[in-house]
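Structural overview for review
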Amino acid sequence: MTSDHARPCGEDAASLNALLDGELDAANSLRCETHVAHCPACAAELDRLRAVRDLLARDGVVWRAPATLRARILASLAEEAGRTSSDGEVAAAWTRAPIGWVSRLRDSATRWRALPAGLALAASLALAVLVTRPGEAPDLASQLVSGHVRSLLADHLTDVRTSDQHTVKPWFSGKTDFSPPVVDLDDRGFTLVGGRLDYIENRVVVALIYRRRKHVINLFLWPSEGSRPTASAREGFNILGWQQAGLAFWAISDLNAVELKEFQDDFVERSPH
């Protein structure tokens, strides 16, 4: 079957599906969106892909994958991990019961660097099969959890790695449309690790990374749109949100809720109001 719709120019054609599915990192998402804004052919192709996605999302068109498929994927990953990794805990993490899979990924994240690239890719594809479907947009809490876990699994915790707040803050200049507050909380037991760009709520956001003992805290922030952030928990992670100086802040960590609240209080006290 053929169609007469305008073909994408080629430069970003391969990225359009990834952009639509939210699979690009912050830098490439921004680059691709800028290109689409100035390329009618790619803009038309992106609209066509959206229409196809909407059609597939209609009732009676999409079916959820059976639980047996999920079990086979997890079993295959566990078998591969057992053959290629000397760390038996990795295989064990995949063969446990499927409930709470994000928290088990978190526990195993530091060991994934030892796995072959192919296995890590297969795992990420399995996660996409298990938790997404066309037309189903993740809520904010799910996006925060995904961003936090992704930073641990992909060994991309920071774009700028330093505990010097005077180095981290200028690094974001020109990369975002706002100036993020970066504060030193080392004397309060929260060590600044660095920062990076991420992609949440269909926009580029700032992520500041702190560490409390062995616990990583991702602090996502972007200009506030008037919503009222709240505290919650998802898949073993505590999530705490607040607004300050026209910005929305979201801290997420496996740190206990009491200490995460201490982090919020210390950050609010040190940062400009």
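What to know about the confidence of the model for the chain
Looking at the chain as a whole, the pLDDT averages 75, with 67% of positions reaching at least 70. For the stretch residues 108–115, pLDDT sits under 50, and the model shows 14 contacts to residues farther than four places along the chain or on other chains.

Topic: the packing of aromatic side chains
All told, the structure shown has 8 aromatic pairs when counted by the stated rule. A ring pair is formed by phenylalanine 190 and phenylalanine 263, whose centres lie 5.3 Å apart and whose planes are at 70°; its orientation type is edge-to-face. On the criterion of sequence distance, the pair formed by phenylalanine 190 in the loop between helix H9 (165–171) and strand E2 (191–200) and phenylalanine 263 in helix H10 (residues 257–270) is long-range, its members being 73 residues apart. The two residues phenylalanine 190 and phenylalanine 263 agree in class, both being buried. The interplanar angle of 0° and the centroid separation of 5.3 Å between the aromatic rings of tryptophan 242 and phenylalanine 249 together place this pair among those described as stacked.

Looking at the pairing of E2
The buried fraction of E2 amounts to 9 of the 10 residues, a majority that puts the element mostly inside the structure. In the sheet, strand E1 (residues 160–161) pairs with E2 via 2 bridges, with the strands oriented antiparallel. Paired with valine 160 across the strands is glycine 195, a residue of E2. Inspection of the sheet shows E2 paired to strand E3 (residues 203–212) by 9 bridges, in the antiparallel sense. If you follow threonine 191 over to E3, its bridge partner there is arginine 211. Once E2 ends, the chain turns through 2 residues before running back antiparallel as E3, passing glutamate 201 with a positive phi of about 55°.

Overview of unusual backbone geometry
Positive phi is not limited to glycine here, since glutamate 201 has a value of about 55°. When you line up the elements, glutamate 201 lands in the loop between E2 and E3. Within the chain, asparagine 202 stands out as a residue other than glycine whose phi angle is a positive 60°. Relative to the helices and strands, asparagine 202 resides in the loop between E2 and E3. Assessed through its relative accessible area of 68%, asparagine 202 is described here as exposed.

A short note on the packing of helix H2 (residues 26–38) against helix H3 (residues 40–56)
Following both chains from N to C, one finds H2 and H3 inclined at 110°, their axes separated by 5 Å at the closest point. Here H3 runs roughly perpendicular to H2, going by the angle between their axes. Residue-level contacts link His35, Val36 and His38 of H2 to Pro40, Cys42, Ala43 and Leu46 of H3. Residue composition of the contact of H2 with H3, grouped by class: 5 nonpolar, 2 polar and no charged.

What about the sheet that holds strand E4 (residues 215–223)?
With antiparallel pairing, the 7 strands of this open sheet are ordered in space as E1-E2-E3-E4-E7-E6-E5. Each end of this open sheet is capped by a strand with a single partner; those strands are E1 and strand E5 (232–234). Against the sheet, H2 contacts E2 and E3, and its axis sits at roughly 30° relative to E2. Sheet strands touched by H10: E3, E4, strand E6 (237–244) and strand E7 (247–253). Its angle to E6, the strand with the most contacts, is close to 20°.

Some points on H3
Here H3 spans 24 Å end to end across 17 residues, near enough to the 24 Å set by a 1.5 Å rise per residue. Taken together, the buried positions of H3 are Ala41, Cys42, Glu45, Leu46 and Leu49. Along H3, the residues classed as buried sweep out an arc of 135° about the axis, all on the same side.

Analysis parameters
Residues numbered from 1 in each chain as written. Predicted model: local features only at pLDDT ≥ 70, side-chain atom pairs only at ≥ 80, totals over all residues. Heavy atoms only, no water. pLDDT = per-residue confidence, 0-100. Contact = heavy atoms within 4.5 Å. Phe/Tyr/Trp six-rings, centres within 6.5 Å; stacked < 30°, edge-to-face > 60°. Helix = DSSP H or I, 4+ residues; strand = E, 2+ residues; numbered from the N terminus. Buried < 20%, exposed > 50% of the residue type's maximum accessible area, 1.4 Å probe, protein only. Pairing = 2+ DSSP bridges. Axes fitted to C-alpha atoms, helices over the stretch in contact; angles between N-to-C directions. Parallel < 35°, antiparallel > 145°, perpendicular 65-115°, else oblique. Nonpolar A, V, L, I, M, F, W, Y, C, P; charged D, E, K, R; others polar. Expected span 1.5 Å × (residues − 1). Arc of directions from axis to C-beta.

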